[in-house]
Amino acid sequence: MRQILASLGALALSLIVTSAFAQSEFGSPEVERRIAALLRRMTVEEKVGQLVQYSAGAPTGPGTGRADYRGQIAKGQVGSFLGLTGAAETNALQRIAVEHSRLGIPLIFALDVIHGYRTVFPVPLGMASTWDTQLVEQAARAAAKEATAEGIRWTFSPMVDIARDARWGRIVEGAGEDPYLGSAMAAAYVRGYQGRNLADADSLAACAKHYAGYGAAEAGRDYNAADMSERTLRQTYLPPFESAVKAGAATIMSAFNTLNGVPATADPMTLTKILRGEWKFQGLVVSDWQAIAELIPHGIALDEATAARKALLAGVDVDMESGLFQRHLSELLRAGAVPESVLDEAVRRVLRVKFALGLFDRPYAPESSTGAQPKLDPAHLELARTIAERSFVLLKNEKVSGSALLPVSSKVKTVALVGPLADDASNMLGSWPGKGDPKNAITLKAALEQRMLQSGGRLLYAKGTEINIANDAGFEEAVKAASQADLVIAALGEDAPSMTAEAASRAHLDLPGNQQQLLERIAATGKPVLLIIFSGRPLALTWAAAHVPAMVQAWYPGVQAGPALVRTLFGDTNFSGKLTASVPRSVGQEPLYYNALGTGRPADGVDLTRPPANSAEKYVSRYIDEQNAPLFPFGFGLSYTQFTYSPLKLNETTVSARALNSCASSVRVSTTVTNSGTRMGWEIVQLYVGQHGTSVARQIKELKGFRTLVLAPGESQNVEFQLSRDELAFWNIDMHHIVEPAEVSVWIGPNSAQGQTAHFTISAPKL
Ligand code: BGC
């Protein structure tokens, strides 16, 4: 174990960032002077140009796409591009901006570098399942190194939208349903992308998106309205953005949706009052793809000019792709509809980011790269494998003939591998594969073949079906392979490009096509089945959970999918991932999340596995035809070993609200975690808090801390968490963010549904 840690440590060293860039570092007095000098020389058209962004690569939304922008660059009419990659390609345009435009202001080249660039890591929901901010930071650092080598200095990542509804396709792009974990992940990505100093040649400006409330799309349908109280907005949806800002995020992207009736791309409350006023954000805000033009269908602008004016005045600085700033801002200014001071401020923010990136001093990317797919860095590949291994969530591992199905026993001589995702390299690269090449992705089939060859075993492979077809012609072959095997591995799930991420909301959370029928046919052979789920969202696999002895949630693991899976399944390493999004039993439970408010009619103690038998069972908050509990709760994940938690210890049973509010006091809570099994393992220890007696109803439980332990068999470790103002304050009835007198319950455990409990009191000031 120590050896494993040592090797991980060495790998980590080069990719870890100790101190991050801060908001206060934007715009030193010297930079501000240079910006002011530039502004004095700029024409209105040149100012507007800094606020214009176009796609110069493959479009990632509806509309325009590629055009020849060279003339516009020479006239200073474009400030940034997205989608263009390659040092030679970006430098060619940069040369026009720097050497042929009047003021020589450099361009920024942006791209969606989401979960890797050339080396593709697991999708963000998988990365979050590691609960390991250092690994995530290292992945972001590696992606930044690769992308900057090809001219990119700005990524539209991280997506920090809280997602509580698995129907929403973009749940795959974020960290899941929890604001505390989401905030930790947001900061980790920002640190990783931006490095120690944004001016370093291998730093990428981060972009926290989509601000705000995009993940709360009603009914999980992408782009749909989000409507919520300010309390919910502030306590659930905003914290990851604030965390990204605190970590120094250079940019924020405004969202497509309406938030409480106001399109997020024209919302002064979020874009100006909160972001700039309260959080002191110094960077720039870019709209999402054509989101400014979408203010017209949203109904708050009758024409393009009004849409442009509303977005700018609300606080959007850069217009991605709609062209409305370019077409209308100069005229609006001349007509007095937009004050020049507002335009200048937006330009200042853009220039600040360009200065911070060092683009005025070093506008060009080194042209060592040929544009051809470079050989992947072995350190990045090793990191990709490690993160993949740590992202898998073991959902179920039952005994079959006396011993747990996993790790795969040496008695297993013949394995049947079935399913459309067993040998699908493209899908392993997930929802935003960047410049990843499927040729570099090792599938489960390829890795398993090698493993079985080494062990003298036999692998039978039959695809069985496609991801989304009705034709069952392949079933017989799959059933035949299964019947001959000691173990059947079914690799099933969703198609990443078409069923996950943007514009890919699903009303059904089952296995697409006829994969469920294939699974049932295979299970009917009586052979032990391990189901591996490749998906970008939790799926309601209720039948499988009842009928299949072992289940692994693999997400989309990236380039090292196969080796990572084989090493984990065969026990070379352990499972350690835990869910960051609740897995539903059925779609009707959505939105489903653990940190919900209670009700006046809780269903505690009622048997929800059967319909209500009397009024006491009926008039509670429940479904008459489904349980309330998820199939697998937030924070859940099994291991090859077991961990036990000792009763909790508190250093205080009463603490005053005043002392907490003034940060003069805190409560310490601890437990001892023991590896009571026979293998080394990682345990993600989770701390949850609930409060009663407060001025507003509080969530039954909320995650307020987590820690990863690595324990050898028999080893114990004490874990202590501190509960202070940050963990205990909330938005009270008067919308003050304070700690109130309360009875507090604390849980420390392996997931959101289990754990040891203790209680303490936050006392009121004496009258
Ligand atoms: C997406 C953003 C993305 C942008 C640029 C939009 O369609 O919503 O997340 O960053 O395109 O590709």
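J.: Just to check I follow, could you spell out the overall build of the chain for this structure?
T.: Along the backbone of the chain there are 26 helices and 29 strands. The globule rule puts the C-alpha radius of gyration for 767 residues at 27 Å, and the 27 Å found for the chain is close to it. Taking the principal axes of the C-alpha coordinates as reference, the chain spans close to 80 × 75 × 50 Å. For the chain, the proportion of its 767 residues judged to be buried stands at 60%.

J.: In this structure, what is going on with the side chain of R167? I would like to understand it.
T.: Mapped onto the elements of the fold, R167 is located in the loop between β4 (154–155) and α8 (179–194). The exposure class of R167 is buried, given its relative accessible area of 15%. Beyond its immediate stretch of four places on either side in the chain, R167 contacts A219, G220, A504, S505, R506, L509, R537, V587, E590 and P591.

J.: Can you help me understand the sheet that holds strand β21 (residues 654–656) in this one?
T.: Paired through their backbone hydrogen bonds, the strands of a sheet run either parallel or antiparallel. Strand order in this open sheet of 5 strands is β21-β29-β28-β23-β24, and the pairing throughout is mixed. Looking along the sheet, the strands with just one partner apiece sit at the ends: β21 and β24 (702–711). Between one strand and the next, the sheet's axes are offset by a mean angle of 25°, whatever the strand orientation. Pairing of β21 with strand β29 (residues 754–763), which is carried by 3 bridges, proceeds in the parallel orientation. Following the sheet pairing, S656 is matched in β29 by S763.

J.: How should I be thinking about the packing of helix α16 (residues 378–391) against helix α23 (residues 561–569) in this particular structure?
T.: In helix packing, the relevant descriptors are the interaxial angle and the interaxial distance, both defined with respect to the helix axes. Between α16 and α23, the shortest axis-to-axis distance is 8 Å and the interhelical angle comes to 50°. In this view, α16 runs oblique relative to α23, as classed from their interaxial angle. Crossing hand, α16 versus α23: right-handed. Contact residues: α16 offers R385, A388 and E389, while α23 offers P563, A564, R567 and T568. Its residues placed into classes, the contact of α16 with α23 shows 3 nonpolar, 1 polar and 3 charged.

J.: Could you clarify how one ought to interpret the domain arrangement of the chain in this entry?
T.: The extent of an interface is frequently quoted as the accessible surface area lost upon association of the parts. By domain assignment, the chain separates into domain 1 (50–356), domain 2 (392–569) and domain 3 (643–763). Look at where the C-alpha atoms of domain 2 and domain 3 centre, and you get two points 37 Å apart.

J.: Quick question: what am I supposed to make of the packing of aromatic side chains here?
T.: Any two aromatic rings considered together are summarised by their centre-to-centre distance and by the angle between their planes. Applying the stated criterion across every chain, the model contains 18 aromatic pairs. Pairing Y594 with F634 gives two aromatic rings, centres 4.5 Å apart and planes at 15°, and the pair type is stacked. Of this pair, Y594 sits in the loop between α23 and α24 (615–618) while F634 sits in the loop between α24 and β19 (643–645); the two residues are 40 residues apart in sequence, bridging distant segments of the chain. Each member of the pair, Y594 together with F634, is buried. Ring geometry for Y594 versus Y688: centroids 5.5 Å apart, planes at 80°, classification edge-to-face. Here Y594, found in the loop between α23 and α24, pairs with Y688, found in strand β23 (residues 681–692); they are 94 residues apart in sequence, far enough to count as distant. Y688 carries the same exposure label as Y594, and that label is buried. For the cation-ring pair, R95 lies above Y364, with the distance from its terminal atom to the ring centre recorded as 5.0 Å. Over the face of the ring belonging to Y619 we find K618, whose NZ or CZ atom lies 5.7 Å from the ring centre.

J.: In this structure, what is going on with the environment of E720? I would like to understand it.
T.: Among the structural elements, E720 can be located in strand β25 (residues 716–723). Ignoring anything within four residues of it in the chain, the contact list for E720 reads R668, V669, S670 and R707. Within the local environment of E720, its side chain forms a polar contact with the side chain of R668, the two groups lying 3.4 Å apart.

J.: Whenever I open this one, the sheet that holds strand β14 (residues 414–418) confuses me. Can you help?
T.: Ordered by their spatial adjacency, 6 strands build an open sheet running β11-β18-β17-β16-β14-β15, and the pairing between neighbours is mixed. The sheet terminates laterally at β11 (393–397) and β15 (458–462), the two strands that pair on one side only. Taking each pair of neighbouring strands and ignoring which way they run, the sheet shows an average axis angle of 15°. One ladder, built from 4 bridges, connects β14 with strand β16 (residues 487–493); its direction is parallel. Each bridged residue has a counterpart across the sheet, and for V415 the counterpart in β16 is L487. Against the sheet, helix α18 (residues 444–454) touches β14, β15, β16 and β17 (529–534), its axis set at about 155° to β15. Relative to the sheet, helix α21 (residues 515–523) contacts β14, β16 and β17, its axis offset from that of β16 by approximately 170°.

J.: What should I look at first to understand the pattern of salt bridges in this one?
T.: Note on pairing: side chains with opposite charge can pair once their charged atoms come close. Throughout the structure, instances matching the rule amount to 41 salt bridges. Measuring nitrogen to oxygen at the nearest pair gives 3.7 Å for the salt bridge that ties K439 to D437. Judged by its relative accessible area of 74%, K439 falls in the exposed class. Taking the relative accessible area as the measure of exposure, D437 reaches 16% and is therefore buried. Linking R610 and E617 is a salt bridge whose minimum nitrogen-to-oxygen distance equals 3.0 Å. Within the structure, one salt-bridge network assembled from shared partners comprises R276, D317, E345, R348 and R349.

J.: Please clarify how the pairing of strand β28 (residues 742–751) should be interpreted in this entry.
T.: It is a general feature of regular strands that their side chains alternate between the two faces of the sheet. Along β28, 9 of the 10 residues are buried, which leaves the element largely enclosed by surrounding structure. The pairing of β23 with β28 spans 7 bridges and is classified as antiparallel. Residue pairing across strands places Y688 opposite W747, the latter belonging to β28. As judged from the 8 bridges shared by β28 and β29, these two strands associate in the antiparallel manner. Looking at β29, one finds that S745 is bridged to H759. Here β28 folds back onto β29, and the loop between the two strands holds 2 residues.

J.: Which parts of the structure should I look at to understand helix α9 (residues 230–237)?
T.: A turn of α-helix holds 3.6 residues, and therefore any two residues three or four places apart point the same way. Taken residue by residue, α9 has L233, R234, Q235, T236 and Y237 as its buried positions. Buried residues along α9 sit in contact with α8, α10 (239–246), β7 (258–259), α11 (268–278) and β26 (730–731).

J.: In this structure, what is going on with α16? I would like to understand it.
T.: Compared with an ideal rise of 1.5 Å per residue, which puts 14 residues at 20 Å, α16 spans 20 Å between its outermost C-alpha atoms and is within 8% of the ideal. Along α16, the positions that sit buried rather than exposed are H380, L383, A384, T386, I387, A388, E389, R390 and S391. The backbone nitrogen of A379 lies 2.8 Å from a side-chain oxygen of the residue at the head of α16, namely D377.

J.: Just checking my understanding: could you explain the packing of α8 against α10 for this structure?
T.: Axis separation between α8 and α10 bottoms out at 8 Å; the angle between their running directions is 30°. Comparing their axes, α10 and α8 come out roughly parallel. Handedness of the crossing formed by α8 with α10: right-handed. Of the residues in α10, those in contact with P179, G182, S183, A186, A187 and V190 of α8 are P239, P240, S243 and A244. Its residues placed into classes, the contact of α8 with α10 shows 7 nonpolar, 3 polar and no charged.

J.: Sorry if this is basic, but what is going on with the environment of W131 here?
T.: Of note, W131 is situated in the loop between α6 (124–128) and α7 (133–148). Taking relative accessible area as the criterion, W131 reaches 1% and is therefore assigned buried. Expressed as a C-alpha distance, the spacing of W131 and L181, which sit 50 residues apart in the sequence, is 7.6 Å. Not counting residues up to four positions away in its chain, the partners in contact with W131 are L181, M185, K578, L579, T580, F634, G635, I684, Q686, L703, F706 and T708.

J.: Honestly, the confidence of the model for the chain in this entry has me stumped. Any pointers?
T.: Low-pLDDT portions of the prediction should not be read for the details of their coordinates. Looking at the chain, the pLDDT average stands at 95 and 96% of residues meet or exceed 70. Confidence over residues 1–13 falls short of pLDDT 50; this stretch has 12 contacts with residues more than four positions distant or in other chains.

Rules of the game
- Residues numbered from 1 in each chain as written.
- Predicted model: local features only at pLDDT ≥ 70, side-chain atom pairs only at ≥ 80, totals over all residues.
- Heavy atoms only, no water.
- Helix = DSSP H or I, 4+ residues; strand = E, 2+ residues; numbered from the N terminus.
- Rg over C-alpha atoms; globule rule 2.2 N^0.38 Å.
- Buried < 20%, exposed > 50% of the residue type's maximum accessible area, 1.4 Å probe, protein only.
- Contact = heavy atoms within 4.5 Å.
- Pairing = 2+ DSSP bridges.
- Axes fitted to C-alpha atoms, helices over the stretch in contact; angles between N-to-C directions.
- Parallel < 35°, antiparallel > 145°, perpendicular 65-115°, else oblique.
- Left-handed = near helix turned anticlockwise from the far one by under 90°.
- Nonpolar A, V, L, I, M, F, W, Y, C, P; charged D, E, K, R; others polar.
- Domains from an automatic or database assignment.
- Phe/Tyr/Trp six-rings, centres within 6.5 Å; stacked < 30°, edge-to-face > 60°.
- Lys NZ or Arg CZ within 6 Å of the ring centre and 35° of its normal.
- Polar contact = N/O pair within 3.5 Å; in protein donor to acceptor, adjacent residues only side chain to side chain.
- Salt bridge = Lys/Arg side-chain N within 4 Å of Asp/Glu carboxyl O.
- Expected span 1.5 Å × (residues − 1).
- pLDDT = per-residue confidence, 0-100.

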